[in-house]
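Coordinate analysis (summary)
So the chains spell out like this:
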Amino acid sequence: MGQSKDKPPTERAIRALLDKHACPVPYHEVRTRLLGNIACPDPAVQPMAVIAGLWGGALPEFDSMDDANALLGALVMGLWNELADHQDPKKPFRATRVPLEPTGANLGNLGMVRAQEVEGFVEGLFNGEEEAGLPERAHEAVTHLGEIRAMMAGVADLIERTRNEPEDRGQIKETIKHLRVMTEIMETEIHAAVLACTRARAQTLPGITTPLGTRH
């Protein structure tokens, strides 16, 4: 699964590597967690430590150097660098695409994926700390993202609790429409937080101390 140096690894290739090494964090959440780490105000963030954090703090065991290089190349040289492009105001972040046919399973999956994307981003932004010094716009974004996460998780929970009941396709379609609008807001807030943190780092501005609990 080697990649040429010019072409970044595909989503499919990265998903396959995460599966192969039994990464406990799903691909969509890996993306947002890395993006949060890239934006993190803490100057001590190290990509290798962040990658190890996906496996709970220690990299998985590799069968060979080729295996190690394939995973680290895909995540550090590939995905990390690709996500770093979102520090450019003209390159906003986009959430992972998910199936949107109006079924209960798809609706539940959409809510769960979006909730996990928010969790990953905020976790990355805080870099394992209980609080972070965030610029004002990023502080606001974390608050808004916490509200979006709660709504998304609430929909996923509702679907789980009512999965044995008959499906109302019309209602499901309507709810998917609402979640798509919320996804756009989520993307806007994530991008705003990334840009605010990038600017603050460049200008070494003091931030507002934001407790991790703000995300809920």
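Details of the structure are given in the entry above.
Notes on the structure in this doc start here.

Let us look at the pattern of salt bridges. For the coordinates displayed, the defined rule picks out 12 salt bridges. A salt bridge links Glu123 to Arg33, with the nearest nitrogen and oxygen atoms 3.4 Å apart. Within this pair, whereas Glu123 is found in helix α5 (residues 104–126), its partner Arg33 is found in helix α2 (residues 27–39), the two being separated by 90 residues in sequence. Among the ionic pairs, Glu160 bridges to Arg163, the shortest N-O distance being 3.1 Å. Note on Arg163: relative accessible area 59%, which makes it exposed. Among the charged side chains, a salt-bridge network with shared partners connects Arg137, Glu140 and Glu189.

Under the criterion given, the structure shown has 0 disulfides. With no disulfide of its own, Cys23 has Cys40 as its nearest cysteine by sulfur position, at a separation of 19 Å. Given a relative accessible area of 14%, Cys23 falls into the buried group. Free of any disulfide, Cys40 has its nearest cysteine sulfur in Cys197, 7.8 Å distant.

We now examine unusual backbone geometry. The phi torsion at Ala22 lies on the positive side, around 50°, for a residue other than glycine. Within the secondary structure layout, Ala22 lies in the loop between α1 (11–20) and α2. A residue is classified by how much of its surface remains accessible, and Ala22, at 58% relative accessible area, is exposed. Even without being glycine, Asn127 reaches a positive phi, approximately 50°. Examined against the element boundaries, Asn127 turns out to sit in the loop between α5 and β1 (131–134).

As for its placement among the helices and strands, Glu29 is situated in helix α2. Once you skip the residues sitting within four places of it in the chain, Glu29 turns out to touch Gln116 and Gly120.

About the criteria used
Residues numbered from 1 in each chain as written. Predicted model: local features only at pLDDT ≥ 70, side-chain atom pairs only at ≥ 80, totals over all residues. Heavy atoms only, no water. Salt bridge = Lys/Arg side-chain N within 4 Å of Asp/Glu carboxyl O. Helix = DSSP H or I, 4+ residues; strand = E, 2+ residues; numbered from the N terminus. Buried < 20%, exposed > 50% of the residue type's maximum accessible area, 1.4 Å probe, protein only. Disulfide = S-S within 2.5 Å. Contact = heavy atoms within 4.5 Å.

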